[in-house]
Amino acid sequence: MPSTSFANLLFSAIERSRTLEQLLQEPVAWMLANGSWSTIWVMSPSKGAWKKLLAVGKPVTRSPDPAKLSDCLDSRRVQHCETWTLYSLPVGNDLIFCLANPSGHAPTAQSHEVLKEQLGLLGHCVELWNQQLSKTRDVVRINQILEVSANWHAHQDLDRLLQDIAQAATRLLRSDRASIFLWDKQARELGGHPALGIEGKPLRIADDKGVAGAVLKSQQP
């Protein structure tokens, strides 16, 4: 029955969560309330360091050893350090669950098996949520592309059309600026139109030079 309750909680969290932190909040609180832990942290690797995504339970001043966190992530094996017991998420994101036992003892064999089952379910939950989020973003992006492209057929001026395409690209790809290169196949040149936000005249280069030339040759981003 407890596993069924936890699974139902996970399905509900998938539907309503917009961030990973929101997705984990209630399941981790449930794990704390139904386990023998005093504190649960969820840690994630970020730019060579460790970021605390979530903290539930009693405040703890001493963080888990970063080396132990890395060992747990690399080996996918349980690690113990001081009052902390570290578990990696089996699937989904590279998350480490840090559980503090008030007695400082390692979990019992029964607690260990229960926790492995819960983390397995939670890992699949994160994986499903990521897939759903990716599909939602794809639908939104396609709708945006259709919306902006619907007006392009009315353009009579090439420079204005390229400017609008560049603006749409920066918005859809969440970038700062964009340039568009047109291929003059006969002259074997690429004509680069000024990037958004940068003044300048069109740049002409050989079609086998630079990043743009490499992309043209490989047909890969």
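Residues numbered from 1 in each chain as written. Predicted model: local features only at pLDDT ≥ 70, side-chain atom pairs only at ≥ 80, totals over all residues. Heavy atoms only, no water.

Chemist: Could you give an account of the packing of helix H2 (residues 20-33) against helix H4 (residues 109-149), with specific residues and numbers?
Modeler: Between H2 and H4, the least distance of the axes is 11 Å, while the angle of their chain directions is 160°. In terms of axis orientation, H2 runs roughly antiparallel to H4. Note on packing geometry: the crossing formed by H2 with H4 is right-handed. For the pair H2 and H4, the contacting residues are Leu20, Leu23, Leu24, Pro27, Trp30 and Met31 in the first and Leu115, Gln118, Leu119, Leu122, Cys125, Val126 and Trp129 in the second. (Axes fitted to C-alpha atoms, helices over the stretch in contact; angles between N-to-C directions. Helix = DSSP H or I, 4+ residues; strand = E, 2+ residues; numbered from the N terminus. Parallel < 35°, antiparallel > 145°, perpendicular 65-115°, else oblique. Left-handed = near helix turned anticlockwise from the far one by under 90°. Contact = heavy atoms within 4.5 Å.)

Chemist: A description of the side chain of Gln118 should follow, citing residues and the corresponding values.
Modeler: Mapping Gln118 onto the fold places it in helix H4. Exposure remark for Gln118: the relative accessible area of 11% places this residue in the buried category. Excluding residues within four positions of it along the chain, Gln118 makes contact with Phe6, Trp30 and Met31. (Buried < 20%, exposed > 50% of the residue type's maximum accessible area, 1.4 Å probe, protein only.)

Chemist: How would you summarise the packing of aromatic side chains if you had to cite specific residues and measurements?
Modeler: Both the distance between ring centres and the angle between the ring planes are used here to describe each pair of aromatic rings. With the rule as written, the count across this model stands at two aromatic pairs. Measuring from centroid to centroid gives 4.9 Å for Phe6 and Trp30, while their planes differ by 35°, and the two rings are tilted. Taken together, the residues span a long stretch of sequence, with Phe6 in helix H1 (residues 2-16) and Trp30 in helix H2 at a distance of 24 residues. On the accessibility criterion, Phe6 (1% relative accessible area) is buried. Taking the relative accessible area as the measure of exposure, Trp30 reaches 17% and is therefore buried. (Phe/Tyr/Trp six-rings, centres within 6.5 Å; stacked < 30°, edge-to-face > 60°.)

Chemist: Break down the sheet that holds strand E7 (residues 189-193) for me, citing the residues and quoting the values.
Modeler: Taken together, three strands build an open sheet; the order of strands is E6-E7-E8 and the sheet is antiparallel. Both edges of this open sheet fall to strand E6 (180-184) and strand E8 (203-206), since each of them pairs with a single strand only. Strand-to-strand twist across the sheet, computed as the mean angle between neighbouring axes with direction ignored, equals 25°. Where E6 lies against E7, five bridges are found, and the strand directions are antiparallel. Residue pairing for E7: Trp183 is matched across the bridge by Leu190. (Pairing = 2+ DSSP bridges.)

Chemist: Hey, could you go over the pairing of strand E1 (residues 39-46) for me, with residue numbers and the actual values?
Modeler: A large share of E1 lies buried, amounting to six of its eight residues. Sheet topology note: the E1/strand E2 (residues 49-57) ladder contains eight bridges and is antiparallel. Paired with Thr39 across the two strands is Gly57, which belongs to E2. Between the end of E1 and the start of E2, which pair antiparallel, lie two residues, with Lys47 showing a positive phi angle near 55°. Bridging between E1 and strand E5 (residues 96-100) involves five bridges; their strand directions are antiparallel. Each residue of the ladder has a partner; that of Val42, found in E5, is Phe97.

Chemist: Talk me through helix H5 (residues 158-172); I want residue IDs and the actual numbers.
Modeler: If you check H5, its first and last C-alpha atoms are 21 Å apart, about what 15 residues at 1.5 Å a residue would give, namely 21 Å. Among the residues of H5, those classed as buried are Leu162, Asp164, Ala166, Ala168, Thr170 and Leu172. Taken together, the buried residues of H5 touch H4, E6 and E7. Phi turns positive one or two residues past the end of H5, at Arg174, with a value near 55°. (Expected span 1.5 Å × (residues − 1).)

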